[in-house]
Amino acid sequence: MKTHRIINFIELFSVAFIIVGLFTFAHVCDGMEGMTPICFITKKWAIIFGVILIVLSVIQLVVKNKGIHIALSITQFISGIVMILLPIVIAPVCQMKSMHCYVYTRPLLVIAGIVISIIVFVDFLIALLSIRGEKDENLS
């Protein structure tokens, strides 16, 4: 159970890094001559999914039921995959390789999404193995 808490705190830190990064070093492009850049949509959705991931992690820290824990892990894993696909497929940033959102925002979201997905997958496997271990002990 201690491992579960550590993993959730690492996930919370990762998501907080994404949100802080979107407002600091990986900010999206400023308004371009009265137009709203398409990367503003990417930022908006990344923040929404970041908040969802934070809420799910906090719920996982509080909930003791392992079935709910596994369901939340699956939802978090899907959110991590969405975070990876967000700047590439779902709400793509502009394709100009010299733009700030292409150079900083896109890699931040993709790499952080991969890290979050791996963290959540490890947490899911640990929870699954602990449930399986409890069932094996009950059969003995």
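Residues numbered from 1 in each chain as written. Predicted model: local features only at pLDDT ≥ 70, side-chain atom pairs only at ≥ 80, totals over all residues. Heavy atoms only, no water.

Participant: Looking at this structure, how should I read a nonpolar patch on the surface?
Facilitator: A grouping of I74, F77, I78, I81, L85, I88, V89, I90, F121, L125 and L128 is seen on the molecular surface, where their side chains present a nonpolar patch of about 890 Å² in accessible area. For the nonpolar patch, the element with the highest residue contribution is helix 3 (residues 66-90), accounting for eight residues. (Patch = residues over 30% accessible without salt bridge, like charges linked within 9 Å, V, L, I, M, F, W, Y side chains within 5 Å. Areas by Shrake-Rupley, 256 points an atom, 1.4 Å probe, with all protein chains shown as cover. Salt bridge = Lys/Arg side-chain N within 4 Å of Asp/Glu carboxyl O. Helix = DSSP H or I, 4+ residues; strand = E, 2+ residues; numbered from the N terminus.)

Participant: How should the side chain of H69 be read in this particular structure?
Facilitator: Assignment of secondary structure puts H69 in helix 3. The class of H69 is buried, set by a relative accessible area of 8%. One polar contact links H69 to H4, side chain to side chain, over a distance of 3.4 Å. Residues contacting H69, with those up to four places away along its chain left out, are H4, Q60, D123 and A127. (Buried < 20%, exposed > 50% of the residue type's maximum accessible area, 1.4 Å probe, protein only. Polar contact = N/O pair within 3.5 Å; in protein donor to acceptor, adjacent residues only side chain to side chain. Contact = heavy atoms within 4.5 Å.)

Participant: Just to check I follow, could you spell out helix 1 (residues 2-23) for this structure?
Facilitator: Structurally, the α-helix is built with 3.6 residues per turn, so residues lying three or four positions apart point the same way. A rise of 1.5 Å per residue sets the reference length of helix 1, with its 22 residues, at 32 Å; its end C-alpha atoms lie 32 Å apart and thus fit the reference within 8%. All buried positions along helix 1 are accounted for by H4, I7, N8, E11, L12, S14, V15, I18, I19, G21 and L22. (Expected span 1.5 Å × (residues − 1).)

Participant: Help me out: how do you make sense of the packing of helix 2 (residues 39-62) against helix 3 in this one?
Facilitator: To describe two helices that pack against each other, one gives the angle between their axes and the distance between the axes. Where helix 2 meets helix 3, the axes come as close as 10 Å, and the angle between the chain directions of the two elements is 165 degrees. Regarding the angle of helix 2 to helix 3, the classification is roughly antiparallel. When you trace helix 2 past helix 3, the crossing you get is left-handed. Contacts between helix 2 and helix 3 involve T42, W45, A46, F49, G50, I52, L53, L56, S57, I59 and Q60 from the first element and H69, L72, S73, T75, Q76, S79, V82, M83, L86 and P87 from the second. A class-by-class count of the residues in the contact of helix 2 with helix 3 yields twelve nonpolar, nine polar and no charged. (Axes fitted to C-alpha atoms, helices over the stretch in contact; angles between N-to-C directions. Parallel < 35°, antiparallel > 145°, perpendicular 65-115°, else oblique. Left-handed = near helix turned anticlockwise from the far one by under 90°. Nonpolar A, V, L, I, M, F, W, Y, C, P; charged D, E, K, R; others polar.)

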